[in-house]
Protein chains: 2
Amino acid sequence: MGSTGDDKSYVDVLIVGAGPAGLMLAAWLAKCGVKTRIVDKRGTKVFNGQADGLQCRTLEIFDSFGFGDRAWKESNHMLEICLWNPDSNGKIQRSARIPDTIPGISRFQQVVLHQGRIERFFLDHMESCGGLHVERGVLPTKLELDESLLDSSDAYPVTVHLRHLSEAEATPQQTGTSVNGSAIQDGLFRSNLSADDTAELIRASALDAKANTEEVVKAKYMLGADGAHSWVRQQLGFALEGESTDYIWGVLDIVPITDFPDIRMRCAIHSADSGSVMVIPRENKLVRLYIQLTTAAYNGGQRADRSKINPDVILGAAQKIMAPYKISYRRLDWWTAYQIGQRVGTQFSAHERIFLAGDAVHTHSPKAGQGMNVSMQDSYNLGWKIASVVKGHSHRSILKTYEMERRKIAQDLIAFDHRFSRLFSGRPARDIMDAEGISMDAFKDAFEKGNLFASGIAVDYCSSMIVAKESESNPVVSVQELAPEVKIGKRMPSVKVLSQADARPWHIQERLPSNGRWRVMVFAGDVTNQPQKEKIERLGAALGSKGSFLQRYKPTGARYDSVIEVLTVHAGPRNAVDIFDFPEVFRPYDEIDGWDYEKIFVDDLSYHEGHGQLYETFGIDPNKGCLVVLRPDQYVSYVGPLEDYDAVDRFFSGFMIAQPAH
Amino acid sequence: MGSTGDDKSYVDVLIVGAGPAGLMLAAWLAKCGVKTRIVDKRGTKVFNGQADGLQCRTLEIFDSFGFGDRAWKESNHMLEICLWNPDSNGKIQRSARIPDTIPGISRFQQVVLHQGRIERFFLDHMESCGGLHVERGVLPTKLELDESLLDSSDAYPVTVHLRHLSEAEATPQQTGTSVNGSAIQDGLFRSNLSADDTAELIRASALDAKANTEEVVKAKYMLGADGAHSWVRQQLGFALEGESTDYIWGVLDIVPITDFPDIRMRCAIHSADSGSVMVIPRENKLVRLYIQLTTAAYNGGQRADRSKINPDVILGAAQKIMAPYKISYRRLDWWTAYQIGQRVGTQFSAHERIFLAGDAVHTHSPKAGQGMNVSMQDSYNLGWKIASVVKGHSHRSILKTYEMERRKIAQDLIAFDHRFSRLFSGRPARDIMDAEGISMDAFKDAFEKGNLFASGIAVDYCSSMIVAKESESNPVVSVQELAPEVKIGKRMPSVKVLSQADARPWHIQERLPSNGRWRVMVFAGDVTNQPQKEKIERLGAALGSKGSFLQRYKPTGARYDSVIEVLTVHAGPRNAVDIFDFPEVFRPYDEIDGWDYEKIFVDDLSYHEGHGQLYETFGIDPNKGCLVVLRPDQYVSYVGPLEDYDAVDRFFSGFMIAQPAH
């Protein structure tokens, strides 16, 4: 080793693994200004393959960081799922069409985009937030957690040794496939058909005295986002629980030459006896085929024989399944193969100091298009919490909600994937007496029900100090019926409202960027009605008072909305109201910028984009209104009456830390 | 001079001036792969000021180059115009609200964005098209046109001497305003209150023996986009015709501190006796105020006394006009002043070898938000024509349409601006007997009518070899009634259609990028109806034949759609049709990429974005259908029956050049 030991540095958060889960945490921490390092053992980011569907919810999250539009523009949009099954003569035929995204659940629909582009968006975002960079070719070799320091907010209880690899070590080996004379990248090194190479890398790099250096990093918090073989998880001694199946799948990314008419649709094709293909149309004319391998590589319950799997074998299987349609290619972009397994981690954190996210705590099949999404949403859940604790805004106790909230999601995912994979991998039933076959009606039904789950919109977090659902322990309980469609525990739904000051239409979600702020949404109702106006005056007086929660939790010198932002949506009409009709706390004054014109909105007809009908859609009575508290990740914490300022004050008191008086 | 003369180089097109008009031409030529140089005497691009409204049509054009979304995202959207006038006591009051963009005329609405950002989008676009860069600090000093070479397609009849300036010479002088201790940029150096400095620069730079070099450039074509004082225009000896007014206006870009409730709306404020203010809300909390200066600088019909104009004087005028509302600022971003004048060039080109565009051929007041738009649209009209001629696809004769089409637009603009400026600059009438005052009803009416003009959508090009309107000379005449709302001479309107292959909704305009291609749009009608299907079969046979215009004008080895692209929209239903129901010429085959899935669309209901109702909206009968020919700039050349392949063939024969047989 070149250097060691004494070379000690300090960081608030250390992230191991720069895939989507690690990058999502880095994005949050960069945005919130938390001192962070992110390392990855690989020498470069992903350039080929690793495409995946992006759920509606993932696109909403991307948009909250400001790059949803880039994903939307570059991706392939999937609109429809076509189910193909054998007819009575065994020939495949289209049996159903269903929308890929359930209409109305989100302002986005599911799309597909290469993981390399998604990583690029994160990297650009991190660059724009002060220049956080991924350190590549860096491998952790030793991990210690000092349990005596767990509850000390200034301490660095995590110690990690990091080794810097040479470029050759950090480059994964390829199998050397070539097509039409050009070398093709494959993803076998990440597949569960290959053994993990971390231990080997540690061994190999230790022998190379010249190229490598080692350093010691002290961190307050750490994330292991280092994949299914997670080294961090192994150091912590946590297990993954679940099972493998015998199904082996090949993946081809090709520009297809085919007379199959639905090649640009998402298709599930069940052949009579030759297995199944899933078609995922991608950007740049590419199509991904997931192909069940029923013969070549299957090895009687043992790990598959990797040497027998290659693009020709996979294409051959697809041709058999899709016959009588022809399919071939001249351009192969990437390929891999894997064996399905579904597992969930027993623990998602060690003492809320070292966390695990993504494949490190849940593995499953890729075909449902969930993996990358759920992984990113893990660390999206975690990021603002760590930032808030590190910055001294919140008590450490909120970190317990990470495992509470995300482990259940992982379990749901595994259950969904288990059911879906079996239906997809099975042979279609020949008739209703064919008990071993899969009923195609059951398959279609599963697909349609799965679509809501697969959108990411259904996520519903349980009661906790930050989700004021009814429970024995919660000191604050919501009044859900004031806004029946703003569901506590779920992400804030979105409709269009108009900015009062300039009549511009905005989706509500566009006004909820991921910047670490809590939000109090004041649904003021019809303020041209005197009783509503009086409620708003009283609420304004409480919020504007010196001891209000807006003041108590705001650090000295910080902007008025830096920790908790107040956003108001009244019921209109727009033309009868102006922003000066509201107390100043709803449109705060700054001596440089003047009054804030971007805090008050109205539910009214726009000139060009219709009428969001917020009050009607959310079930809010304009003559009652309500208060809604949103977490920094846009999940609904609380719904209650405009008159109950105290409940909201009590809610924030449960986990926020009062700042020094100023 | 460091070096001279012998240093001769050749370029297809030389552009002088890298403002919006020059950059627009550069964008086209870069996209079409034409060898181009673009020079500007200034040392840097614009960083402050120079903001302007972007018309709907300008945003459509930006989108056709792929950066409409960037402008849309960064700009301030203007939704409403509020008119403020004196009440009977002389106090200003809001008298009307009108939509800033007429609903339904475009998929975009008018926005405001700093010119520096717009230049950035162009520069990024040019970079992405092979790396065309602006050469800054470069000044033309001598211009010759060899009239003996005008008609030779391989000749370089334009000779220009270019001098490379030192950095100091290329930096415009500032007046040195400061606010709150920081220096403020102003735009006086570009204002018509300042004399042009080109002649001075040439003199000064000639004396500096060390820093400067001179080179000789030979060009096939040249554009003078060098502003109101155009050196190119002066060399050609062309005049601007028109008049000046006595009105002097100041411009302030500030972050306002004000209790005026409509400061984030576009406002026209007429005070009783103190003049007028126009409010243009901008991005980043900025507001631009155009303020009539009635006292300080006015100098009895002579050029205004520039030394008497400064930000305090301009703000003071605004405060008087906007009283009793208060307005002040702590942040001043930029300021300038100008005197209104309306002039149009007598000629827009010298022998269709040297062209003028933008302020070089039309000047007018900035308040109508037209200047930058019309300037960019000049060179948007010109760019594809030059590219097509340089590449040998079209006869030089199409270049005559530039002046035919754009001079009329400039005249319309001047007339509009003349009327609008007088209404805006005048004193409001006290009552209907006040004949010298401006009627506020007339003003509102002018504003509303002006909005269509100001959108850029109303542009209607006259009959020519590339616009098959009825005229004596035109060998091809359209049948407008087959698609009454696809108006010949106007830009193609847009509604949403679905891609047949993947059900994705697209605005038609999104499928008409600015890449130099002509398009034949086949509105196939209801192809499940046998007579329509037969028409399409016959049309497919004609288009697919060896001698068809698609073949004749395609260079050897070029892609099937490189010069003329066929796009089809049928009337559905989507589920009853697939792309293999159409002859192959409608979905061409490539041996690497397979069939083209991106050429056939359907007018049907989408899952998430409604139903464009194209056939109904455009007035096309699904049992007739029609053919539409679109120019590369999306203007409609021709509308005719599906059965009349020959008319379209004849149309293209009028100006296209048959390529060598292959």
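For clarity, every value in this text was computed on a predicted model and none was experimentally measured. (Residues numbered from 1 in each chain as written. Chains lettered and ligands numbered in written order. Predicted model: local features only at pLDDT ≥ 70, side-chain atom pairs only at ≥ 80, totals over all residues. Heavy atoms only, no water.)

Bringing the overall build of chain A into the picture now. Across its full length, chain A carries 15 helices and 31 strands. Counting across all 662 residues of chain A, residues that qualify as buried make up 60%. The long-range share in chain A, meaning contacts at least 24 apart out of those at least 6 apart in sequence, stands at 75%. Carbon and sulfur atoms provide 48% of the accessible area of chain A, an area that totals close to 24,300 Å². (Helix = DSSP H or I, 4+ residues; strand = E, 2+ residues; numbered from the N terminus. Buried < 20%, exposed > 50% of the residue type's maximum accessible area, 1.4 Å probe, protein only. Contact = heavy atoms within 4.5 Å. Areas by Shrake-Rupley, 256 points an atom, 1.4 Å probe, with all protein chains shown as cover.)

It is worth spelling out the packing of aromatic side chains at this point. Counted under the stated rule, the structure contains 60 aromatic pairs over all chains. Centroid distance Phe 416 of chain A to Phe 453 of chain A: 4.9 Å. Interplanar angle 35°. Geometry classified as tilted. One end of the pair, Phe 416 of chain A, is in helix α10 (residues 400–425); the other, Phe 453 of chain A, is in helix α11 (residues 440–455), and 37 residues separate them in sequence. A residue is classified by how much of its surface remains accessible, and Phe 416 of chain A, at 14% relative accessible area, is buried. Measuring from centroid to centroid gives 5.3 Å for Phe 651 of chain B and Phe 652 of chain B, while their planes differ by 75°, and the two rings are edge-to-face. Side by side, Phe 651 of chain B and Phe 652 of chain B carry an identical accessibility label, which is buried. (Phe/Tyr/Trp six-rings, centres within 6.5 Å; stacked < 30°, edge-to-face > 60°.)

Another point: the environment of Ser 153 of chain B. Counting through the fold element by element, Ser 153 of chain B comes out in the loop between β9 (138–145) and β10 (158–164). Accessibility expressed as a relative area gives 57% for Ser 153 of chain B, which makes it exposed.

What links the strands of a sheet is backbone hydrogen bonding, and the strands pair in either a parallel or an antiparallel sense. Residues and elements named next belong to chain A. Read across the sheet, seven strands follow the order β24-β23-β29-β26-β25-β30-β31 without closing on themselves; strand pairing throughout is mixed. Each end of this open sheet is capped by a strand with a single partner; those strands are β24 (505–507) and β31 (636–640). Between one strand axis and the next, the sheet turns through 30° on average, direction left out of account. Bridge count between strand β26 (residues 564–570) and strand β29 (residues 600–602): three bridges; the pairing is parallel. Within the sheet, the bridge partner assigned to His 570 lies in β29 and is Val 602. (Pairing = 2+ DSSP bridges. Axes fitted to C-alpha atoms, helices over the stretch in contact; angles between N-to-C directions.)

Our next topic: the pattern of salt bridges. Across all of its chains, the model carries 82 salt bridges over all chains by this definition. Across the pair Arg 37 of chain B and Glu 135 of chain B runs a salt bridge whose closest N-O atoms are separated by 2.6 Å. Highlighted residues: Arg 37 of chain B in strand β2 (residues 36–40) and Glu 135 of chain B in strand β8 (residues 134–136), separated in sequence by 98 residues. Under the relative-accessibility criterion, Glu 135 of chain B is labelled partly exposed at 22%. Among the ionic contacts, a cluster of salt bridges with common partners joins Arg 517, Arg 519, Arg 559, Asp 561, Glu 565, Asp 596 and Lys 599 of chain A. (Salt bridge = Lys/Arg side-chain N within 4 Å of Asp/Glu carboxyl O.)

The peptide bond linking Ala 323 of chain B to Pro 324 of chain B adopts the cis configuration, its omega dihedral lying at 10°. Positionally, Pro 324 of chain B belongs in the loop between α8 (311–322) and β19 (327–345). Cis geometry is found at the peptide bond from Gly 572 of chain B to Pro 573 of chain B, where omega equals 0°. With respect to the helices and strands, Pro 573 of chain B occurs in the loop between β26 (564–570) and β27 (589–590). A positive phi angle is found at Gln 634 of chain A, which is not glycine, with a value near 75°. As for its placement among the helices and strands, Gln 634 of chain A is situated in the loop between β30 (626–630) and β31.

How big an interface is tends to be reported as the loss of accessible area on association of its parts. The partner chain B presents 51 residues to the 51 residues of chain A that form the contact. Of all residues in chain A, the largest losses of buried area upon contact with chain B belong to Leu 79, Tyr 607 and His 608 of chain A, amounting jointly to 15% of the total for that side. At the junction of chain A with chain B, the criterion picks out six salt bridges. Taken together, the links from chain A to chain B amount to 14 residue pairs in polar contact (both at pLDDT 80 or more). If you list the elements that add at least two residues to the side of chain A that touches chain B, you get α3 (68–74), β4 (76–77), β6 (92–99), β15 (240–258), β19 (327–345) and β28 (594–595) of chain A. Ranked by residue count, the leading element in the side of chain A that touches chain B is β15 of chain A, at four residues. Counted by class, the side of chain A that touches chain B contains 22 nonpolar, 12 polar and 17 charged residues. (Buried area = accessible area lost by both parts, 1.4 Å probe. Polar contact = N/O pair within 3.5 Å; in protein donor to acceptor, adjacent residues only side chain to side chain. Nonpolar A, V, L, I, M, F, W, Y, C, P; charged D, E, K, R; others polar.)

For the rest of this paragraph, the subject is the packing of helix α2 (residues 56–65) of chain A against helix α9 (residues 371–390) of chain A. Residues and elements named next belong to chain A. Axis separation between α2 and α9 bottoms out at 10 Å; the angle between their running directions is 45°. By the criterion of interaxial angle, the relationship of α2 to α9 is oblique. With respect to the hand of their crossing, α2 and α9 are arranged in left-handed fashion. Here α2 contributes Arg 57, Thr 58, Ile 61, Phe 62, Ser 64 and Phe 65 to the contact with α9, which in turn contributes Asn 373, Met 376, Gln 377 and Tyr 380. (Parallel < 35°, antiparallel > 145°, perpendicular 65-115°, else oblique. Left-handed = near helix turned anticlockwise from the far one by under 90°.)

A few words now on the UniProt feature "domain: Phenol hydroxylase-like C-terminal dimerisation" (unreviewed entry) in chain A. Mapped onto this numbering, the UniProt entry gives "domain: Phenol hydroxylase-like C-terminal dimerisation" (unreviewed entry) at residues 459–659 of chain A. Measuring from the first to the last C-alpha atom of residues 459–659 of chain A gives 33 Å, for a span that is 16% helix and 19% strand. (UniProt positions renumbered as here; feature names shortened; annotations may be inferred.)

Let us now look at the relation of the copies chain A and chain B. Between chain A and chain B, which share one sequence, the superposing operator has a rotation angle of 180° and an axial displacement of 0.0 Å; the RMSD is 0.0 Å. In short, the pair behaves as if placed about a two-fold rotation axis. If distances are taken from each C-alpha of chain A to the rotation axis, the shortest is found for Asp 69 of chain A, at 4.2 Å. Here 100% of the interface residues in chain A have copies in chain B that are interface residues too; the copies meet face to matching face. (Least-squares fit on C-alpha atoms with pLDDT ≥ 70 in both.)

Here we take up helix α15 (residues 645–653) of chain B. Residues lying three or four places apart along an α-helix face the same way, a consequence of the helix completing one turn every 3.6 residues. Listed as buried for α15 of chain B are Tyr 645, Ala 647, Val 648, Asp 649, Phe 651 and Phe 652 of chain B. On the buried face of α15 of chain B, the contacting elements are β25 (518–525), α12 (530–544), α13 (549–552), β26, β30 (626–630) and β31 (636–640) of chain B.

Moving on: the side chain of Ser 230 of chain A. Relative to the assigned elements, Ser 230 of chain A resides in the loop between β14 (213–224) and α7 (231–236). Discounting chain neighbours no more than four positions away, the residues touching Ser 230 of chain A are Leu 356 and Ala 360 of chain A.

Let's shift gears to the sheet that holds strand β3 (residues 52–54) of chain B. All names here are of chain B. In spatial order, the strands read β3-β7-β4; together these three strands make up an open sheet with antiparallel pairing. At either end of the open sheet lies a strand with only one pairing partner, and these are β3 and β4 (76–77). Pairing of β3 with strand β7 (residues 111–113), which is carried by three bridges, proceeds in the antiparallel orientation. Across the sheet, Asp 52 pairs through a bridge with Leu 113, a residue of β7.

A separate point is the environment of Asn 474 of chain A. Residue and element names in this part refer to chain A. Inspection of the secondary structure assignment puts Asn 474 in the loop between α11 and β23 (496–499). Residue classification places Asn 474 among the buried residues on the basis of a relative accessible area of 11%. For Asn 474, the contacting residues outside a window of four places in its chain are Ser 463, Ser 464, Met 465, Val 467, Ala 468 and Lys 469. Here the side chain of Asn 474 touches Ser 464 through a polar contact of 3.2 Å, landing on its backbone oxygen.

Moving on, we come to the pairing of β26 of chain A. Residue and element names in this part refer to chain A. With seven of its seven residues buried, β26 lies for the most part within the structure. Relative to β26, strand β25 (residues 518–525) is paired through seven bridges, and the arrangement is parallel. Within β26, the position partnered with Trp 518 by the bridge is Ile 564.

Before going further, it helps to spend a moment on the side chain of Ser 349 of chain A. All names here are of chain A. Here Ser 349 lies in strand β20 (residues 349–350). Judged by its relative accessible area of 7%, Ser 349 is buried. At a separation of 3.1 Å, a polar atom in the side chain of Ser 349 contacts the main-chain amide nitrogen of Glu 352.

Right, let's talk about the pairing of strand β10 (residues 158–164) of chain A for a bit. Residue and element names in this part refer to chain A. The buried count for β10 comes to six of seven residues, which makes it a mostly enclosed element. Pairing of β10 with β14 involves seven bridges; the strand directions are antiparallel. Its bridge partner being in β14, Val 158 is matched across the sheet by Ala 219.

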